Structure formats: C-alpha cells, structure tokens
Amino acid sequence: MLFNSIAFLFFAFIFTTIYFYLRGQYRLLWILLCSYVFYGWWDYRFLILIAFSTAVDFFIAQYLHRESTVRKRRLLLVVSVCTNLAVLGFFKYCNFFIDSFSLILIHVFGENTHLQTLDIILPVGISFYTFQSMSYTIDVYRNKILPEKNAIMFASYIAFFPQLVAGPIVRARQLLPQFHQDQKFNWNQFTLGFAQVLVGYFKKIVVADSLVIVIDQVFTAPNNFNALNITLGVVLYSFQIYCDFSGYSDIAIGFARMLGFEFPVNFRMPYFSRNFSEFWTRWHISLSSWLRDYVYIPLGGNRNGRINTYKNLLITMLLGGLWHGANWKFVFWGFLHGLYLILQRMASPLYQRVNRYLPHIVQIALAMTTTYILTCAAWIFFRSESFTKALEIFHLIFTGDWSLHNLKNKFPLVKSIFVILLLLTCEIAHCKWNFTNVILHHPRLRIFIFATILWTIALLGTFNETAFIYFQF
Amino acid sequence: MKQRLFTFNFNNPKVWTLLFVTVVFVGDRIIGEVLKYTVQKSQFRYSRLYGKTAHSKYILIGNSRGLVFHSPTIAQKTKQKVINLSYNSMPTELACALIRDYLEIYPAPKYILWEITMLNYNSKKLIANFTPYQSSQNIGPLVAQKYPKLYWWCNFSHIYRYRGEVFLRVLYYMFKNDQNWVLHQEGNIQQIKKSIAQIESVTFRADNKDLEKIKELALFAKSKNCEIKLMIQPLFPDFVPKVKNLQMWKEKITQRTGLKIYDYSQAQFPENYFVDRVHLNKKGAKAYSQLLYNDGIFK
C-alpha cells in the first residue's frame, strides 16, 4: 500500500480510530494485523518472509540471552546474521551475482558460458526490515538490550507499518521501549505529527512527483537534450530523490508521532552540508548510523592509522552502495562517496590553509557548492540506466550546447524550479523560526498553515500514485 | 463592553478539527473562484474561446503540427480573424469538443482547417489537463467520460482543477498573445536524416471512432454553413517514403468522414524549413501558410 494512495488514507483513518480505543495486547495485535495487511496489500506471499525473519531473530535472541559461553553466543549470532543475509541475498542479490559471474565466465571462456538468471520478485522493503531485525540480535549479543519476551510485541516492532517498507531503520532500543508503554492520545503530539505528514505529502506529491516528467526523459534519452537541459535534469533529480525519500520518512515519522511514537530524524537538509562527513550525518541518517555502528566501527573505524581508516571508509560506503540495489552502478555510487570521504580527509590540511585567506561566508558557500556538485555527480551514476549512459551524460554536459533558446520542456521546468524554491524557502524559514512552536501554541494560525499546505498540494501536486523510489531498495 | 457573539475553544480537538475542515472547504471554493477568474482573463487560446473573444473567420486545429499553422501570416494575407486552437498531442475527441464548443458559442467560421496527422496519435492524456475548462458544454462531459475519478475530485476540490500544464500556460499567456507561437529552432539536417535513416517504416493509423466523431462534427458544422478542411502538412522529404500506407490512410479517412483531404505532405519544401522530421520551423510555417493562401484554401 502506498502512502500516497487513497486506499492508505482510508486505512490510516480506520487504523488510527480503532488504535486509540484499544489497550495492551489488543492494541499490539491490532498494530500487527494492520501492519501485515499494509504489507500484504502489495503481495501477501511475502508475509511469510517477514514472519520467518521475525521468528528466527526472536528465538535466537532468547537463546543468546540465556547462553553464557562466548563460542555459542557467537555461533547464534552468526546463524541470525547469516539467515537474514541469506534471505536478503537470495531475493535481492541472487541475479546480480549470477549476472556478474556470468560476465566473468564469458570474458574467460567465451560466449557459450552464459548462466541463466532466476525469476525472482524483489520483496518491497526487504533491506529495511532485514537490517532492523539484524541490529536487534547484534544488540542483544552485545548486551546493549534485553531480548523481547513478548512475541507479538517483537513482531509488531519488525512489521510496524509506518516504517516497514522504506524506513527509517528504527533500532530495537529506540522503539521497543515505546511499545511497552500504552501510548495515550496526545493532541499536541497528534498535531505535530499531522504537520509532518502534510510536509511529507508536500515533498512527495508536489515536489518529487512533479519533477519525474522532466527527469525521466533526460535520463532515458540524454541525446535529445542540450547540456543545460541535462544539467537541470541532474539538479532536479537530486531534489526528486531527496523529496521522495525524505517525504516518505516525514510521513512515517509524522504518522508514528500521531500514534504517540517517537522515531529518529532521517534527513536534516542534506544539501546544505559543507563536506561529505556532514552529508552522511544529514542524509538517510538511520542507514548511515546503522552502517557506522554495525560495519565501520566493528571494522576498526578510524583507530588503526590512516590507511586502515580509508580502507574501512571505502568498505562501508561500498556496502552502503550495494544496499541500495543489486547493480554495479550503486556499488560505484558507494565507491564515489567512499572516495569523497577519503579525499576530504586527505585534503583537509590544505583546505584549512586556503580557508585562512577567505571570508567566512565565502568559505561556507564554496564548501556547500562543492559538496553539492560532487553529490550531483554521484547521483548521475545512481540514476542512469547504465554506466555507459552515465558517462554519456557527463560527456554531453561538458561538450553540449548551453543555450537557453534550445531548452526543451520549459513549462514543466519552470514549475519544477518554482516548487523547489518553495520547498527551500519553507525549509530555511523553518530553520530560522521553528514552526513547531507556532503549530503548538497558535491553534488559529495552525489552521491556516495546514490548510495552505493542503491547498498547495491540490494546486501544484502530481497525483499519479507514483511509488516511492526507495521501495525498490 | 463589547461582547463576542461566538467564542471558540481552539484547544479543543473537536472544535479545532471542525473549524479546520470548514476553512479548508471554504478556502478551496474561494481560491477556486479566483483561479477561475484568472483563467477567464488570460489571453491563452482556450481562455479566449470560452471568454467569448475568439470570434474568427478561420479556425485552425491539430496537435503540435497544427500549432505550425502560422496564424499571423494567414490573418495578414486573408485580412480576416484567425484563431489556432491546436495543442501538443491533442486527441481527436478533445479537438471535436473544442470545435463543438466554438460552434455553439460563436457564429460559424468559414472554414475549419484540421491537421489530421493527429489521428495517428491516440493518447487521451491531454484531456485530463483540460479541467480548467471543464465547466464548458463539451469539455466537462468528455473529462467525466474519460476520467470519472478525476472529474469527481475536480468537483470535490475546485483548486484541483487548475493543477496541470494547461493552467501554467494560462498564466504564461495572461497578458500576451499566443497566436504567433512558432518553433524558432533551426533543425540539424544531418541529425534529422540520420534519425530517419534508422526508421524502417512507419504506419499511420486512424481510429474508426475518431473518424466517426469528425464526420458527426462535419455534419454539425455544415448545418451552420461551415466547412471542415482536412490538411496534411509537409513532412521532411526523406520521411515521406517511410510512411508505407499514406495513400490507404488518406482513402480510409475520406471514405469514413466524407471530407476532402488537402495533402501537402510531399510539398517540395527545403530541408532547412524543418526542425525535425514532422515539424516546420518559423520559415517553414510562414511558407506553408503562404502556400495555403496561394492555393486558395481560404477562398
């Protein structure tokens, strides 16, 4: 079920109304039932997968807690991690590995060695709930949390529908304690949550979906467009993916807040980052912190010298890239970000020396612009259909015609730029004046703020129920 | 001391929700009216059509190729008022609805010049973009028939009617004439030839339902002493042989509609008159309009 579908609006209304009438186990059962309906709406067969992942980690965590010998505990953890990765690997990466292996065989032994790929459907949100489930057993293994004894509560945590299919990845230690409390209806939390849901819809329906028409054409047939069109297409894509994903996160976080749950922030204006370390503390924060805690730090982090730090950064970002999809372009995107992080560390002394001669505002502008341009360059690989097409786009940008006269799709472009400026204005204004207080303490003004968002969505929105980009990951 | 007639406790969730819903609804209707007024006051061709300022002797209609009819040249040559009602990717049903609306609002024009290559493209998507004009006699029922859900939502929220590209054009042409629109680009002849060379063959299509609609409209126009002339604009010389069924296609259209086709697809136009294989540029558009005048199409 898509957040931006009419079906979801009905579903959310019925769920919320009944949710606040129920207490204790009944409420948990209601959450679990509705979460499974939400997921099964797409394909009910894959409910078995969630149930399987849930059951494995639930029982392994119980054994882990009871077991005291290090060797057995480690073995149990390996079983849990391997089971989760096996499910993820089979459904998400199987054909990728077959294809890549096939390519190697063709290179070595010739044309006749092509291997047949399998006909596998990628279950929506598998990367999200697998990571969530895995982090639970790892945390139990590390004695950071106690295992959950209530199976329904644990199943509700894994399948909690606001964040089930596209995050944020909420750790057990953040969410499970909240399930233990019977969340009461809190009008202030409800309105703040509702505000965030509206902002999420604005980002998705008004910004992300309005940009699709221009971006798709540019990335499918870049040859039909001039350099200015392509560059604008890339810039718009950076906003499309941001608004699509952060829009989803806003709806998830906001809806959970309406129900009384507190999710961690997943995006904090990432394109205002001054370097890539900062970027990864602002972009998909729940994934980057997951990778930091469960991959980068266990690998050694920055503790064993410069070379090892670079190696760990690169491995983490490569895995981060691979997490996004079973395709070499995502791996390359991860590699580029790894490289950016390494280069940033290497160039840091030189950068500080140059900065001494520049006014503060110029330093910030320069740092933000450079980070943004390099991020966009990486997005080209991320969005292009193939590596070759990405290189073709770069070639066209650097050698093509930049005249405004030959610009195509002028009307959609004007609308796209307008909605992006509108979004940036609102985000900057929110940063400066923090609308939370206004929403909480000025109920009359709140009416007009919410109504204005709704009217804007009705006027500028694109209502074709486009799936969220991150569903495919 | 002045006493208030009504006092609302805005901190009460029920009161707040009720007021919120009321404000959203009333605001929607007020903004909807403002947007409607904006549409009516625009100089965009359809706003003029429904704003009753589009009375003309000649009506031009078609898809992106229809936009190439150069109204200023035709108006200058014929010394008569001309209006071009074409739009990119316009489907035949929408064109029929617009023409019917015109014939119901204004005294009949002398001729309607119809670029019929639009029959080859059967996308109905544009109809969904015409909701700013859905209060018209023929557009509203068409939207309701093709997109019933959309029509329902447009009645539910009046702002929602103005969400598409057509409304953006309404704003763009708020204070300026849209009738001198023409493709200014110069086509890259080598690239056009290359792209045509890659095409094996093209088959032109014409849906029987669309032809039936044109036939009905032609009869309606005839009852008002107006004639519909079906036109085929010049195609890039290398592209013509690629259209394998051009003759058969024309015969089918003539047979089904009973209307004569004025075929200029093979008019000897220089290659630099084209932007691509099917669209004329400014030079081409002017030359084509001049050619139509010379051939007595407007007499």
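So, how was this worked out
Numbering of residues begins from 1 in every chain and follows the order in which that chain's sequence is written. Numbering of ligands from 1 and lettering of chains from A proceed in the order in which they are written. With the structure being a predicted model, the display of local features is reserved for residues of pLDDT at least 70 and the display and counting of side-chain atom pairs for 80 or more, all residues being used for whole-chain, interface and lining totals. With hydrogens and water stripped out, all remaining heavy atoms of the structure feed into the side-chain values. Elements are defined by DSSP. Helices are runs of H or I of four residues or more, strands are runs of E of two residues or more, and each kind is numbered from the N terminus. Using a 1.4 Å probe on the protein chains alone, a residue whose accessible area is under 20% of its type maximum counts as buried, one over 50% counts as exposed, and one in between counts as partly exposed. Every accessible area reported is derived by Shrake-Rupley at a probe size of 1.4 Å, with residue values counting cover from the shown protein chains alone. Neither His nor the chain ends contribute to the count of charged residues, in which Lys and Arg are positive and Asp and Glu negative. Note on charges: their place is set at NZ of Lys, CZ of Arg, CG of Asp or CD of Glu. Nitrogen and oxygen atoms within 3.5 Å of one another constitute a polar contact, given that in protein one can donate a hydrogen and the other can accept it, and given that sequence-neighbouring residues count only through two side-chain atoms. In this description, contact between two residues means that some pair of their heavy atoms is separated by no more than 4.5 Å. Throughout, the edges of the domains are those of an automatic or database domain assignment. When two components associate, each loses some accessible surface as probed by a 1.4 Å sphere; the sum of these losses over both components is called the buried area. For salt bridges, the criterion is a side-chain nitrogen of Lys or Arg within 4 Å of an Asp or Glu carboxyl oxygen. Each residue receives one of three labels: charged for Asp, Glu, Lys and Arg, nonpolar for Ala, Val, Leu, Ile, Met, Phe, Trp, Tyr, Cys and Pro, and polar for the others, Gly being one of them. UniProt positions are given in the numbering used here, feature names are shortened, and annotations may be inferred rather than shown by experiment. A cavity here means a set of points on a 1 Å grid, drawn over the protein atoms and nothing else, where a 1.4 Å probe fits but cannot get out; a pocket is an open set with protein on both sides within 12 Å along at least five of seven lines, and a residue lines either one if it has an atom within 4 Å of a point. Grid points are joined across faces, edges and corners, and a volume is the space filled by probe spheres set on the points. Put simply, buried Ala, Val, Leu, Ile, Met, Phe, Trp, Tyr and Cys residues joined by side-chain atoms within 4.5 Å make one nonpolar core. A patch consists of residues whose relative accessible area exceeds 30% and which take part in no salt bridge; residues with like charges are grouped when within 9 Å of each other, and nonpolar side chains (Val, Leu, Ile, Met, Phe, Trp, Tyr) when within 5 Å. Expected helix span is given by 1.5 Å per residue-to-residue step, counting one fewer step than there are residues. Here the arc refers to the set of directions running from the helix axis out to each C-beta atom. One bridge is not enough; two strands pair if DSSP finds at least two bridges between them. Axis definition: a line fit to C-alpha positions, over the contact stretch in the case of helices; interaxial angles, taken between N-to-C directions, run 0 to 180 degrees. Only Phe, Tyr and Trp rings are paired, with Trp represented by its six-membered ring, and only when their centres lie within 6.5 Å; those with planes under 30 degrees apart are stacked, over 60 edge-to-face, the remainder tilted. For a ring to carry a charge above it, either NZ of a lysine or CZ of an arginine must fall within 6 Å of the ring centroid while also lying within 35 degrees of the normal to the ring plane.

*Asks:* What's the story with the overall build of chain B in this structure? I'm lost.
*Replies:* Helix and strand counts for chain B stand at 11 helices and 5 strands. Oriented by its inertia axes, the alpha-carbon framework of chain B measures out at about 85 × 45 × 35 Å. Of all 299 residues assigned to chain B, the portion counted as buried reaches 52%. Surface accessibility of chain B: about 15,000 Å² in total, with carbon and sulfur atoms responsible for 53%. Taken as two groups, the 44 positive and 21 negative side-chain charges of chain B have centres that lie 7 Å from each other.

*Asks:* Explain the side chain of Arg 65 of chain B here, please?
*Replies:* Residues and elements named next belong to chain B. Note that Arg 65 resides in the loop between strand 1 (58-61) and helix 3 (71-78). Separated by 3.3 Å, the side chains of Arg 65 and Glu 115 make a polar contact. What Arg 65 contacts, discounting residues up to four positions off in sequence, is Glu 115, Thr 117, Ile 232, Gln 233, Pro 234, Leu 235, Val 278 and His 279.

*Asks:* Would you mind showing me how to read the domain arrangement of chain A here?
*Replies:* Interfaces are often sized by the amount of accessible area the parts lose when they come together. Residues and elements named next belong to chain A. Split by domain assignment, chain A resolves into domain 1 (6-184) and domain 2 (189-472). Its C-alpha centre places domain 1 at a distance of 26 Å from the equivalent point of domain 2. If you look at the interface, domain 1 gives 41 residues, while domain 2 gives 36 residues. For the domain 1 and domain 2 pair, buried surface summed over both sides reaches about 3,300 Å², with 68% attributable to carbon and sulfur atoms. On the domain 1 side of the interface with domain 2, the three residues burying the most area are Phe 96, Pro 168 and Arg 171, jointly 18% of the side's total. Between the two partners, domain 1 and domain 2, sit 1 salt bridge. One salt bridge in this structure joins Asp 293 and Arg 171, with 3.0 Å as the shortest N-O distance. Broken down by class, the residue content of the side of domain 1 that touches domain 2 amounts to 26 nonpolar, 10 polar and 5 charged.

*Asks:* Would you mind going over the UniProt feature "transmembrane region" (unreviewed entry) in chain A with me for this structure?
*Replies:* Residues and elements named next belong to chain A. Here the UniProt-annotated "transmembrane region" (unreviewed entry) positions come out as residues 6-22, 48-64, 76-98, 118-138, 150-170, 364-382 and 447-471. Across residues 6-22 one finds 82% helix and 0% strand; the C-alpha atoms that close the span lie 25 Å apart. Each end of residues 364-382 is marked by a C-alpha atom, and these two atoms are 27 Å apart; helix forms 100% of the span and strand 0%.

*Asks:* How should the interface of chain B and chain A be read in this particular structure?
*Replies:* Listed by partner, the interface residues are 25 residues for chain B and 21 residues for chain A. In total, about 2,200 Å² of surface goes out of reach between chain B and chain A, with carbon and sulfur atoms giving 78% of it. For the chain B face of the interface with chain A, the top three residues by lost area are Phe 10, Trp 16 and Phe 20 of chain B, together amounting to 27%. The interface formed by chain B and chain A includes 0 salt bridges.

*Asks:* Got a minute to help me understand the layout of surface pockets in this structure?
*Replies:* To find leftover empty space, a probe the size of one water molecule is rolled over the atoms. All names here are of chain A. The volume enclosed by the second largest pocket comes to roughly 1,200 Å³. Lining the second largest pocket we find 35 residues, and of these Gln 196, Val 199, Asp 250, His 430 and Phe 435 sit closest to its centre. The residue inventory of the lining of the second largest pocket, partitioned by class, reads 20 nonpolar, 8 polar and 7 charged.

*Asks:* What's the story with the nonpolar core in this structure? I'm lost.
*Replies:* Generally speaking, nonpolar side chains in soluble globular proteins are found buried as a group. One finds Phe 261 of chain A together with Met 90 and Trp 114 of chain B to be the most contacted residues of the largest nonpolar core, which totals 242 residues. Each of domain 1 (6-184) and domain 2 (189-472) of chain A gives at least three residues to this core. Beyond its immediate chain neighbours, meaning those up to four positions away, Phe 261 of chain A contacts Tyr 19, Ile 31, Phe 160, Leu 175, Gln 178, Phe 179, Gln 183 and Ala 256 of chain A.

*Asks:* Teacher, can you tell me more about a nonpolar patch on the surface here?
*Replies:* A cluster of nonpolar residues, Ile 6, Leu 9, Phe 10, Phe 13, Ile 14 and Ile 18 of chain A together with Trp 152, Trp 153 and Phe 156 of chain B, forms a patch on the protein surface that exposes about 940 Å² of accessible area. It is helix 1 (residues 6-19) of chain A that provides the largest number of residues to the nonpolar patch, a total of 6 residues. Along the chain, Phe 10 of chain A falls in helix 1.

*Asks:* Is there a simple way to think about helix 9 (residues 208-223) of chain B in this case?
*Replies:* Given 3.6 residues to a turn, an α-helix orients residues that are three or four positions apart in the same direction. Residue and element names in this part refer to chain B. Spanning 16 residues, helix 9 covers 23 Å between terminal C-alpha atoms, matching the ideal 22 Å at 1.5 Å per step. Considered for burial, the residues of helix 9 that qualify are Asp 210, Leu 211, Ile 214, Leu 217, Ala 218 and Ala 221. Angularly, the buried residues of helix 9 cover 125° about the axis, an arc narrow enough to put them on a single face. Along helix 9, the residues that are exposed and aim more than 90 degrees away from the buried face are Lys 209, Leu 219 and Ser 223. Residues of helix 9 that are buried sit in contact with helix 4 (92-105), strand 3 (111-115), strand 4 (227-232) and helix 10 (246-257). The backbone nitrogen of Lys 209 has a side-chain oxygen 3.2 Å away, supplied by the residue at the start of helix 9, namely Asp 207. After helix 9 finishes, the residue Asn 225 shows a positive phi value of roughly 65°.

*Asks:* Can you walk me through helix 5 (residues 139-146) of chain B in this structure?
*Replies:* All names here are of chain B. All of the buried residues along helix 5 are Ile 139, Gly 140, Leu 142 and Val 143. The arc enclosing the buried residues of helix 5, seen along the axis, measures out at 165°, which places them on a common side. Close packing links the buried residues of helix 5 with helix 2 (45-50), helix 4 and helix 6 (148-156).

*Asks:* Just to check I follow, could you spell out empty space enclosed by the protein for this structure?
*Replies:* Residues and elements named next belong to chain B. Inspection of every chain in the model, using the stated rule, returns 1 cavity of 30 Å³ or more. Estimates place the volume of the largest cavity at around 30 Å³. The wall of the largest cavity is formed by Arg 45, Leu 67, Phe 69, Asn 84, Asp 178, Gln 179 and Trp 181. Per-class residue counts for the lining of the largest cavity are 3 nonpolar, 2 polar and 2 charged.

*Asks:* I would appreciate a short explanation of unusual backbone geometry in the present structure.
*Replies:* Of all residues except glycine, most have a negative phi; of all peptide bonds, most are trans. Positive phi is not limited to glycine here, since Asn 143 of chain A has a value of about 60°. By the element assignment, Asn 143 of chain A lies in the loop between helix 5 (126-141) and helix 6 (151-159). Unusually for a residue other than glycine, Lys 52 of chain B sits at a positive phi of about 65°. Secondary-structure assignment places Lys 52 of chain B in the loop between helix 2 and strand 1.

*Asks:* Would you mind showing me how to read the sheet that holds strand 3 of chain B here?
*Replies:* One key point about sheets: their strands pair by backbone hydrogen bonds, in either a parallel or an antiparallel sense. Residues and elements named next belong to chain B. Across the sheet, 5 strands lie side by side as 2-1-3-4-5; this open sheet has parallel pairing. Taken across any chain shown, the strands that pair with only one partner, and hence form the sheet edges, are strand 2 (82-84) and strand 5 (261-263). Sheet twist, expressed as the average angle between the axes of neighbouring strands with direction ignored, equals 20°. Of the strand pairs in this sheet, strand 4 and strand 5 are connected by 3 bridges, and their pairing is parallel. Opposite Leu 230, over in strand 5, you have Ile 261 as the bridge partner. Lying over the sheet, helix 9 contacts strand 3 and strand 4, oriented at roughly 140° with respect to strand 4.

*Asks:* I keep staring at the packing of aromatic side chains and nothing clicks. Help me out?
*Replies:* How two aromatic rings sit relative to each other is set out by the distance from centre to centre and by the angle between their planes. On inspection of all chains with the given rule, the structure shows 94 aromatic pairs over all chains. Here the aromatic rings of Phe 8 of chain A and Phe 38 of chain A are separated by 6.0 Å at their centres, their planes lie at 75°, and the arrangement is edge-to-face. Taken together, the positions of Phe 8 of chain A in helix 1 and Phe 38 of chain A in helix 2 (residues 24-43) put the pair 30 residues apart, joining distant regions of the chain. Of the two residues, Phe 8 of chain A and Phe 38 of chain A, both sit in the buried class. Each ring, one from Tyr 162 of chain B and one from Phe 167 of chain B, has its centre 5.5 Å from the other, and the planes form 65°; the classification is edge-to-face. Relative accessible area serves as the criterion here: at 3%, Tyr 162 of chain B is assigned to the buried category. The buried category is assigned to Phe 167 of chain B, whose relative accessible area is 6%. Above the plane of the ring of Phe 225 of chain A lies Lys 408 of chain A, whose end atom (NZ or CZ) is 5.5 Å from the centre.

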